[in-house]
Amino acid sequence: MSKAVSYKDLGLVNSRELFRSAVAGGYAIPAYNFNNLEQLQAIVTACSETRSPVILQVSKGARNYANETMLRYMAMGAVEMAREMGGGLPIVLHLDHGDSFELCQSCIDSGFSSVMIDGSHLPYDENVALTRKVVEYAHQYDVTVEGELGVLAGIEDDVVAEKSTYTQPDEDEDFVKKTSVDSLAISIGTSHGAYKFKLKEGESVPPLRFDILEEVEQRIPGFPIVLHGASSVVPAYVALINQYGGQMDGAVGVPEDQLRRAAKSAVCKINIDSDGRLAVTAKIREFLANNPSEFDPRKYLGAARSELVTLIKNKNEAVLGSAGKA
Ligand code: G3H
Ligand code: 13P
Ligand code: ZN
C-alpha cells in the first residue's frame with residue numbers, strides 16, 4: 001500500500017472511550033470476529049438493533065482470507081450501514097492476535113483503529129519489548145493496543161484449559177507500567193475453540209479463576225481487561241450440527257453466567273468467534289439437509305446470517321450488557 005490510511009477518515013473509533021465507559025458501567029464491549037460479508041452484515045444489524053458499540057475483529061488468517069483492501073472497504077461499509085440503520089455506532093476495527101510488529105504496523109497503516117500484539121508465548125522481557133515497540137508506533141496515530149499475558153490453551157495445541165498458564169497479577173501490573181498498553185488480555189481459564197474443557201461423565205464446567213481477576217483489579221484498578229476464548233459453545237448449535245451429519249461430541253464452552261459476572265468486573269472486552277462459527281455451520285447443515293435441491297448460496301447463507309443476528313443480539317442484551325450503550 002503506497003499511502004497510509006487513517007481510521008479516523010473511515011468513520012471508525014479506537015477503543016479508549018468505549019473501555020472507559022464499559023469499566024465504569026459494569027459491562028463489556030463485544031468483539032466479534034468476521035471473515036465474510038454475511039458475518040459482517042449480521043454483526044452490524046444485531047448491534048444496530050440493540051444499540052451496542054462493537055469491535056470488529058480480524059485475525060491474521062481472516063486478513064489473508066478476505067484481502068486487506070477488501071476488509072478496509074467492508075469496515076467502511078459497516079460504518080455506513082450502521083448510520084443508515086439509525087444513528088450510527090461506535091465501531092472499532094481491531095487486529096486479533098497480531099504476531100509481529102510488522103503486521104501491527106501494516107494494519108495501523110491500512111486503517112485499523114486498534115491492534116493486538118500477542119507476545120504471550122514469548123519470554124516475559126521479550127513480550128514487554130515487542131509490546132512497547134508496537135505501542136510506540138500505534139500511539140503516534142492514536143491507535144489503541146491490546147497486549148496479552150498468560151497462555152490460553154487451544155484445541156489446536158491438543159491441550160485443554162486446565163493446562164493453560166494463568167496470568168500472574170504482579171506481572172500484569174509491571175507489564176502495563178512498562179509497555180503503556182491500553183488493555184490487557186489475561187488467562188483465567190478460558191481457551192480458544194469449541195472444546196474448552198474435557199469433562200468426565202456428570203462433571204460440570206470448572207469456574208473461571210475469578211480470584212486471579214480480582215487480584216488483577218486490585219493491582220491495576222480501572223484498567224481494561226480482555227477475555228479471549230469466551231464463546232459459550234451454545235449447546236443447541238452443537239446438537240443441530242450433530243443432528244445433521246456433523247461430529248462435534250464433547251464440545252463445551254464458558255457458561256453464560258460466568259461471562260455475565262466477568263462483564264460486570266474489570267473485563268471490558270469479550271472475544272467471541274467460535275459461537276458465530278457454530279451458529280453458521282448449524283444453520284447451513286440444517287438448511288441443506290431439509291432443502292436438498294436448493295443451490296442458491298443466498299438461501300443457506302441467509303439462514304445462517306439470520307441466526308447470527310439472533311445470537312449476537314442475545315450476547316449483547318443478556319450476557320455482555322452492552323445493549324443500549326452506543
Ligand atoms: O483467537 C482466534 C480467533 O478465533 C481467530 O481464529 O485465526 O482461525 O481466524 P482464526
Ligand atoms: P472463542 O474461540 O471462544 O470464540 O474465542 C475467540 C477469541 O478469543 C478471538 O481472539
Ligand atoms: Zn483470542
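Residues numbered from 1 in each chain as written. Chains lettered and ligands numbered in written order. Predicted model: local features only at pLDDT ≥ 70, side-chain atom pairs only at ≥ 80, totals over all residues. Heavy atoms only, no water.

Caption draft 1: View of the overall build of the protein chain. A count of helical and extended segments in the protein chain gives 12 helices and 10 strands. Relative to its length of 326 residues, the protein chain is compact, with a C-alpha radius of gyration of 19 Å against a globular reference of 20 Å. When the backbone C-alpha atoms are referred to their principal axes, the protein chain occupies close to 60 × 50 × 35 Å. Burial statistics for the protein chain: of 326 residues in total, 55% are counted as buried. For the protein chain, restricting intrachain contacts to residue pairs at least 6 apart in sequence, the fraction spanning at least 24 positions comes to 77%. Separation between the mean location of the 32 positive side-chain charges and that of the 44 negative ones in the protein chain comes to 4 Å. (Helix = DSSP H or I, 4+ residues; strand = E, 2+ residues; numbered from the N terminus. Rg over C-alpha atoms; globule rule 2.2 N^0.38 Å. Buried < 20%, exposed > 50% of the residue type's maximum accessible area, 1.4 Å probe, protein only. Contact = heavy atoms within 4.5 Å. Lys, Arg positive; Asp, Glu negative; His and termini not counted. Charge placed at Lys NZ, Arg CZ, Asp CG, Glu CD.)

Caption draft 2: The arrangement of the coordination of the zinc ion (ligand 3) in detail. Summarising the metal site, the zinc ion (ligand 3) is bound by the protein donors His97 (NE2), His192 (NE2) and His228 (ND1), whose distances to it range over 2.0 to 2.1 Å. In the primary sequence, the donor residues of the zinc ion (ligand 3) line up as H-x94-H-x35-H. Residue His97 is found in strand 3 (residues 91-98), and its partner His192 is found in strand 8 (residues 191-192); the two are separated by 95 residues along the sequence. On the basis of relative accessibility, which here comes to 23%, the residue His192 falls in the partly exposed class. (Donors = N, O, S within 2.8 Å, 3.2 Å for Na, K, Ca; no water.)

Caption draft 3: Broad picture of the site of ligand 1. Taken together, Asn33, Ser59, Asp96, His97, His192, Asp273 and Arg277 form the complete shell of residues around ligand 1. The contact in question runs from an oxygen atom of ligand 1 to an N or O atom on the side chain of Ser59, over 2.6 Å. A distance of 2.6 Å separates an oxygen atom of ligand 1 from a polar side-chain atom of Asp273. Class assignment of the residues belonging to the shell around ligand 1 gives a composition of no nonpolar, four polar and three charged. (Near = heavy atom within 4 Å. Polar contact = N/O pair within 3.5 Å; in protein donor to acceptor, adjacent residues only side chain to side chain. Nonpolar A, V, L, I, M, F, W, Y, C, P; charged D, E, K, R; others polar.)

Caption draft 4: Seen up close, the nonpolar core. Judged by nonpolar contacts, the single largest core of 92 residues is most densely connected at Phe34, Ile91, Ile225 and Ile270. Ignoring anything within four residues of it in the chain, the contact list for Phe34 reads Gln39, Leu40, Ile43, Leu56, Gln57, Val58, Ala62, Leu71, Met74 and Leu93. With nine residues, the next largest nonpolar core counts Leu18, Ala31, Ile55 and Val92 among its residues. (Core = buried A, V, L, I, M, F, W, Y, C linked by side-chain atoms within 4.5 Å.)

Caption draft 5: Layout of the pairing of strand 4 (residues 114-117). Across the two faces of strand 4 the burial is the same, with Ser114 and Met116 and Val115 and Ile117 all buried. Summarising the sheet, strand 3 and strand 4 pair through three bridges and their orientation is parallel. Bridging from a neighbouring strand, Leu95 pairs with Val115 of strand 4. Crossover connection from strand 3 via helix 5 (residues 101-109) to parallel strand 4: handedness right-handed. Bridging between strand 4 and strand 5 (residues 144-149) involves three bridges; their strand directions are parallel. Note that in strand 5 the partner of Val115 across the bridge is Val145. Following the backbone out of strand 4, through helix 6 (residues 124-140) and into the adjacent parallel strand 5, one traces a crossover that is right-handed. (Pairing = 2+ DSSP bridges. Right-handed = clockwise from strand over helix to strand, strands pointing away.)

Caption draft 6: The arrangement of the site of ligand 2 in detail. In the vicinity of ligand 2 there are 15 residues, among which Asp96, Lys196, Ser231, Asp273 and Ser274 approach most closely. At 2.7 Å, a side-chain N or O of Asp96 approaches an oxygen atom of ligand 2. Backbone polar atom of Asp273 to an oxygen atom of ligand 2: 2.7 Å apart, as the coordinates give it. The protein chains hide 96% of the 310 Å² of surface that ligand 2 would expose on its own. At the level of elements, strand 3 and strand 10 (267-272) are the ones that each hand at least two residues to the shell around ligand 2. Looking at side-chain class alone, the shell around ligand 2 contains two nonpolar, 10 polar and three charged residues. (Areas by Shrake-Rupley, 256 points an atom, 1.4 Å probe, with all protein chains shown as cover.)

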